[in-house]
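One-letter residues, chain by chain:
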Amino acid sequence: MQFLIINGPNLNMLSIREPAIYGSMTYDDLVASCLTWCQDVGVDGKCFQSNHEGAIVDRIQQAYFDKVDGIVMNPAAYTHTSVAILDALKATGIPTVEVHISDVHTREAFRHHSYVSLAAVKTIIGHGVQGYQEGIAWLADYLRAQSKA
Ligand code: DQA
């Protein structure tokens, strides 16, 4: 099984960026952890980060042609604005878990709405970087259960 972990804008700045909200783990450490968490559940993981909406749309489309089984995605600020990313997820139909490091529901009102949630099979909010581990494990279980059904 192949998973793609996508991180949106400013997540390459983890550890520098508002550590009181997003923690002290660097992006490189997050990538290493996500790859390990994929291995732990028998999944081949790849990570992608971009600060550009179109590049994220392109990568989601590519995942379809690469036959990626699942996406774990923190769309970052594009969560709240991007119909294009929502449409790419709907176009490809790849089961996607949405992850947010912070608890967006207790922050500014503009962070309360998510376009990506309209396509996601699950959303994990406010569990820190552990949310990625939960998302990867949940998606592996979900896809294995689906393939038996
Ligand atoms: C975020 C929350 C978003 O509102 C914000 O724009 C981000 C990160 C999170 O992981 O908590 O960049 O997705």
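Keep in mind that this is a model prediction, so the values were computed, not measured. (Residues numbered from 1 in each chain as written. Predicted model: local features only at pLDDT ≥ 70, side-chain atom pairs only at ≥ 80, totals over all residues. Heavy atoms only, no water.)

Draft legend 1. View of helix α4 (residues 83-92). Residues Ile85, Leu86, Ala88, Leu89 and Thr92 constitute the buried set of α4. All buried residues of α4 lie within an arc of 160° about the axis, which places them on one face of the element. Exposed positions of α4 whose direction lies more than 90 degrees from the buried face are Lys90 and Ala91. Capping the start of α4, Ser82 holds a side-chain oxygen 3.4 Å from the backbone nitrogen of Ala84, two or three residues further along. (Buried < 20%, exposed > 50% of the residue type's maximum accessible area, 1.4 Å probe, protein only. Helix = DSSP H or I, 4+ residues; strand = E, 2+ residues; numbered from the N terminus. Arc of directions from axis to C-beta. Polar contact = N/O pair within 3.5 Å; in protein donor to acceptor, adjacent residues only side chain to side chain.)

Draft legend 2. The site of the ligand, seen in detail. By nearness alone, every residue bordering the ligand is listed as Arg17, Tyr22, Asn74, Ala76, Ala77, His80, His100, Ile101, Ser102, Val104 and Arg111. Measuring from an oxygen atom of the ligand, one finds a side-chain N or O atom of Asn74 at 2.8 Å. Between the ligand and His100 there is a distance of 2.8 Å, counted from an oxygen atom to a side-chain nitrogen or oxygen. Within the complex, 99% of the 320 Å² of free accessible area of the ligand lies under protein. (Near = heavy atom within 4 Å. Areas by Shrake-Rupley, 256 points an atom, 1.4 Å probe, with all protein chains shown as cover.)

Draft legend 3. Up close: the side chain of Thr92. The topology assignment puts Thr92 in helix α4. The exposure class of Thr92 is buried, given its relative accessible area of 12%. Ignoring anything within four residues of it in the chain, the contact list for Thr92 reads Ile60, Gln61 and Tyr64. (Contact = heavy atoms within 4.5 Å.)

Draft legend 4. Up close: the nonpolar core. In terms of nonpolar packing, the biggest core is built from 24 residues, with Phe3, Val72, Tyr132 and Ile136 touching the most fellow members. Counting only elements with at least two residues in this core, the list comes to β1 (2-7), α2 (27-40), β4 (96-100) and α5 (130-148). The element that contributes the greatest number of residues to this core is α2, accounting for six residues. If near-sequence neighbours (up to four positions away) are discounted, Phe3 is found in contact with Cys38, Val43, Asp44, Gly45, Lys46, Val68, Gly70, Ile136, Leu139, Ala140 and Leu143. Ranked by size, the runner-up nonpolar core spans 15 residues in total, among them Ile60, Ile71, Met73 and Ala88. (Core = buried A, V, L, I, M, F, W, Y, C linked by side-chain atoms within 4.5 Å.)

Draft legend 5. Layout of the environment of Arg107. Along the chain, Arg107 turns up in the loop between β4 and β5 (122-125). For Arg107, a relative accessible area of 19% translates into the label buried. Beyond its immediate stretch of four places on either side in the chain, Arg107 contacts Ile21, Tyr22, Ser102 and His112.

Draft legend 6. Up close: the pattern of salt bridges. The final tally for this structure, using the stated rule, is two salt bridges. The salt bridge partner of Arg107 is Glu108, with a shortest N-O separation of 3.9 Å. Glu108 gets classed as partly exposed once you look at its relative accessible area, which sits at 35%. Two residues, Arg111 and Glu108, come together in a salt bridge whose shortest N-O distance is 2.7 Å. Relative accessible area serves as the criterion here: at 16%, Arg111 is assigned to the buried category. A single salt-bridge network, built from bridges that share partners, covers Arg107, Glu108 and Arg111. (Salt bridge = Lys/Arg side-chain N within 4 Å of Asp/Glu carboxyl O.)

Draft legend 7. Fine view of unusual backbone geometry. In this structure, Glu18 takes a positive phi of about 30° despite not being glycine. Position of Glu18 relative to the elements: it lies in the loop between β1 and α1 (19-22). Look at Glu18 and you get partly exposed, because its relative accessible area is 43%. Its identity as a non-glycine residue notwithstanding, Ala76 has a phi of 55°, on the positive side. Examined against the element boundaries, Ala76 turns out to sit in the loop between β3 (70-74) and α4. Given a relative accessible area of 12%, Ala76 falls into the buried group.

As far as function goes, none of this settles anything; it's purely spatial.
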